[in-house]
Amino acid sequence: MAQFFELHPDNPQTRLLKQACALLHAGGLAAIPTDSSYALVCHLDDKAAAERLRRVRGVDDKHHLTLLCRDLGELAQYAMVDNRQYRLLKKATPGSYTFILPATKEVPRRLSHPSRRTIGLRVPDCKVTQALLAELGQPLLATTLIPPGESEPLNDADEIRERFEHSLQAIVSIGACRRAPTTVIDLTGDEPLLVRRGRGDPALLGLE
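Residues numbered from 1 in each chain as written. Predicted model: local features only at pLDDT ≥ 70, side-chain atom pairs only at ≥ 80, totals over all residues. Heavy atoms only, no water.

*Asks:* Help me understand the pairing of strand β8 (residues 170–173), please; the structure alone is not making it clear to me.
*Replies:* Here β8 shows no split at all, with A170 and V172 on one side and I171 and S173 on the other all buried. For strand β1 (residues 3–6) and β8, the ladder comprises four bridges, and the chain directions are parallel. Looking across to β8, one finds that F4 is bridged to I171. Examined bridge by bridge, strand β2 (residues 30–32) and β8 share two bridges and lie parallel to one another. If you follow A30 over to β8, its bridge partner there is A170. (Buried < 20%, exposed > 50% of the residue type's maximum accessible area, 1.4 Å probe, protein only. Helix = DSSP H or I, 4+ residues; strand = E, 2+ residues; numbered from the N terminus. Pairing = 2+ DSSP bridges.)

*Asks:* Any chance you could explain the pattern of salt bridges here in plain terms?
*Replies:* Side-chain pairs of opposite charge can arise whenever the charged atoms involved come near each other. For the structure shown, the criterion picks out six salt bridges. For E135, the salt bridge identified is with K18, shortest N-O distance 3.2 Å. Taken together, the residues E135 in helix α5 (residues 127–136) and K18 in helix α1 (residues 14–25) connect sequence positions 117 residues apart. With relative accessibility at 31%, the residue E135 sits in the partly exposed group. With its nearest N and O atoms 2.4 Å apart, the salt bridge here joins R163 to E150. Of this pair, R163 sits in helix α6 (residues 157–164) while E150 sits in the loop between β7 (140–144) and α6, and the two are 13 residues apart along the sequence. What makes R163 partly exposed here is its relative accessible area of 37%. Judged by relative accessible area, which is 39%, E150 ranks as partly exposed. (Salt bridge = Lys/Arg side-chain N within 4 Å of Asp/Glu carboxyl O.)

*Asks:* When you look at unusual backbone geometry in this model, what are you seeing that I'm missing?
*Replies:* With the exception of glycine, most residues fall at negative phi, and the peptide bonds are largely trans. In this structure, the amide linkage connecting T93 to the following residue, P94, adopts the cis form with an omega of -5 degrees. Counting through the fold element by element, P94 comes out in the loop between α4 (83–92) and β5 (97–102).

*Asks:* Please explain the packing of α1 against α5 as it appears in this structure.
*Replies:* To characterise two packed helices, one gives the angle between the axes of the helices and the distance between these axes. For the pair α1 and α5, interaxial distance at closest approach is 9 Å and the crossing angle is 60 degrees. With respect to α5, the axis of α1 lies oblique. Our pair here, α1 against α5, has a crossing hand that is right-handed. Mapping the contact onto sequence places L17, K18, A20, C21, L24 and H25 in α1 and V128, A131, L132, E135 and L136 in α5. (Axes fitted to C-alpha atoms, helices over the stretch in contact; angles between N-to-C directions. Parallel < 35°, antiparallel > 145°, perpendicular 65-115°, else oblique. Left-handed = near helix turned anticlockwise from the far one by under 90°. Contact = heavy atoms within 4.5 Å.)

Structural data, given as structure tokens:
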């Protein structure tokens, strides 16, 4: 049964953040708000939790999972970034963009794309997400909370509680948040490639 944490969207309560992070450290799955929609998250280094996250989301090991990072400095620990890529990242972070980049050795091989050795990374522009990441002290492994067989992400914590309370250990609520997914941009080639148009404006990066 999931614990339900109601956090203030601008001044999240430290006590509740600590409790939610303790569940994540213990191998739990959580639904948390971001600047695009709610996401399913777990501890980066917990193999069993990552496998359960994929099962709850209904995706296989070819589906790109994302690392939610606090800032570009943390992102650079997990992705190989050259000067050109860094300039693009700086324009769009924090924000509703997910970037596909070559993974460094810091990323467990089981978490990166099995054939490409790439990983999705993003720096969310959400105070509660940032506060959770700061309390946890490392990135969270994440995927957009889209129920299996559906195409739209969930954006209401009460609905998430009704549908997933037996599959999760924590639900972090700030009420309804935005429903649009992130914009996904592949930076592994010679030129940026728009993979999915979402809430982040591709024009910010010179893409249409």
